[in-house]
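Breakdown of the fold
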Amino acid sequence: ATAYGIVQQHQGTISVTSTVDDGSKFCVFLPLQDEPADTTYTEITAGHGIRGSECILLADDDETILGLLTHMLENAGYKVITANDGAEAVRVYQARTAEIDLMVLDMMMPEMSGSGVVQEVRQTDPDLPCLLASGYSELNQREGLEVNARTAFITKPFRREELLRAARSLLDGETSGKTDQT
């Protein structure tokens, strides 16, 4: 899903052929770029001015991603509580409701999807801000989720700045339900 998302964001396609007893072949096609990419130090360190002190419940079933996102958010001043899947996120939320200001959830998790977590939690707190992250396109992920000003989507992969900007916008009540990535 992440590879497909990256290729799609760059206006590319993936071709797959598979033969029994011979394996699979993946071909990635990307458009030709005439000029070299501009990667400057400013771009890499962007987002350092976006900070907060709120408490974020972060749920992702991939420990590497969970650790990386925790590090990004904590370095920006946020307090982070983690969960390894959707069901655990609901249990953590129920136990620590008063502390949690925002949920950042992977869409595809075992036990319960990110949108399932949002639907469950919104029965108790319809105004809790929720940021849903996915390597798939946003249109395929809504699963009947009522989208409002307290819900936003961010497409993986995303940069630190994009995560921090989306979180800050939700916490400040400034989002329209989409991030720059959707």
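Structure report, in brief. (Residues numbered from 1 in each chain as written. Predicted model: local features only at pLDDT ≥ 70, side-chain atom pairs only at ≥ 80, totals over all residues. Heavy atoms only, no water.)

If you tally the helices and strands in the protein, you get six helices and seven strands. When the helices and strands of the protein are placed in sequence order, the string is α-β-β-α-β-α-β-α-β-α-β-β-α. Long-range pairs, those at least 24 residues apart, make up 59% of the contacts in the protein with a sequence separation of at least 6. Entry remark: accessible area of the protein is about 10200 Å², with carbon and sulfur atoms responsible for 50%. (Helix = DSSP H or I, 4+ residues; strand = E, 2+ residues; numbered from the N terminus. Contact = heavy atoms within 4.5 Å. Areas by Shrake-Rupley, 256 points an atom, 1.4 Å probe, with all protein chains shown as cover.)

In sheet architecture, strand pairing relies on hydrogen bonds along the backbone and comes in two forms, parallel and antiparallel. The strand order across the open sheet formed by five strands is β4-β3-β5-β6-β7, and the pairing between neighbours is parallel. Each edge of the open sheet is held by one strand with a lone partner, namely β4 (79–83) and β7 (151–155). In this sheet, neighbouring strand axes are inclined to one another by 20° on average, regardless of whether the strands run parallel or antiparallel. Judged from the four bridges that link them, strand β3 (residues 55–59) and strand β5 (residues 102–106) form a sheet pairing that is parallel. Paired with Leu-57 across the bridge in β5 is Met-103. Helix α5 (residues 114–122) contacts β5, β6 (130–134) and β7 of the sheet and is inclined by roughly 150° relative to β5. Helix α6 (residues 160–171) rests against β5, β6 and β7 of the sheet, and its axis sits at about 155° to β6. (Pairing = 2+ DSSP bridges. Axes fitted to C-alpha atoms, helices over the stretch in contact; angles between N-to-C directions.)

Moving on, we get to α6. Taking 1.5 Å as the rise per residue, α6 with 12 residues should run 16 Å; its terminal C-alpha atoms sit 16 Å apart, in good agreement. The buried count for α6 comes to 10 of 12 residues, which makes it a mostly enclosed element. Among the residues making up α6, those that are buried are Arg-160, Glu-162, Leu-163, Leu-164, Ala-166, Ala-167, Arg-168, Ser-169, Leu-170 and Leu-171. Taken together, the buried residues of α6 touch α3 (63–75), β5, β6 and β7. Directly after α6, the chain includes Gly-173, whose backbone phi takes a positive value near 70°. (Expected span 1.5 Å × (residues − 1). Buried < 20%, exposed > 50% of the residue type's maximum accessible area, 1.4 Å probe, protein only.)

Moving on: the packing of α3 against α6. For any two helices packed against each other, the geometry comes down to the angle between their axes and how far apart the axes lie. Orientation of α3 relative to α6, taken along the N-to-C sense of each, is 65°, at an axis distance of 11 Å. Crossing angle aside, the handedness with which α3 passes α6 is right-handed. For the pair formed by α3 and α6, the contact residues are Leu-69, Met-72, Leu-73 and Asn-75 on the first element and Arg-160, Leu-163 and Leu-164 on the second. (Left-handed = near helix turned anticlockwise from the far one by under 90°.)

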